Amino acid sequence: AIVWPWLLPWVAELGCRGHVVSAHIGVMLVQQTTLLALAISGFFLLRELSLLLRREPLAVLEAAAPAHMGDCLAPGQAVFGGHFRLDKADLEETGRA
């Protein structure tokens, strides 16, 4: 997740060198995609650093643990991660098991 955004400036550079876009637009595309790659990489790097320093919150691991401000969402509501497992009891309850 940290490395793939760096393909964007590379593709923009290829487009500029292949004369697909003008030099002025090519420079702008390389600058903007580099900034976008830095932002995406920075977000995921800070996320990993936060998990390294603070560990995974108990609210994610145990449903009974109280959630604190800044903790991750419950696994069922997580946007960037979480435990994506099928719950057998839920499947049996809805008749899909």
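Residues numbered from 1 in each chain as written. Predicted model: local features only at pLDDT ≥ 70, side-chain atom pairs only at ≥ 80, totals over all residues. Heavy atoms only, no water.

Undergrad: What exactly am I supposed to notice about the packing of aromatic side chains here?
TA: To describe a pair of aromatic rings, you give the distance between the ring centres and the angle between the ring planes. Overall, the coordinates contain 1 aromatic pair when judged by the stated rule. On the numbers, 5.2 Å between centres and 80° between planes, the contact of F43 with F44 is edge-to-face. Judged by relative accessible area, F44 falls into the buried class, the value being 16%. (Phe/Tyr/Trp six-rings, centres within 6.5 Å; stacked < 30°, edge-to-face > 60°. Buried < 20%, exposed > 50% of the residue type's maximum accessible area, 1.4 Å probe, protein only.)

Undergrad: So what exactly am I meant to see when it comes to unusual backbone geometry here?
TA: One non-glycine residue with positive phi stands out, namely H19, at about 60°. For H19, the location among the structural elements is in the loop between helix 1 (7-17) and helix 2 (23-54). A residue is classified by how much of its surface remains accessible, and H19, at 70% relative accessible area, is exposed. (Helix = DSSP H or I, 4+ residues; strand = E, 2+ residues; numbered from the N terminus.)

Undergrad: So what exactly am I meant to see when it comes to the environment of L36 here?
TA: Along the chain, L36 falls in helix 2. Exposure remark for L36: the relative accessible area of 41% places this residue in the partly exposed category. Put simply, L36 and P9 are 27 residues apart on the chain and 9.0 Å apart in space, counted from C-alpha to C-alpha.

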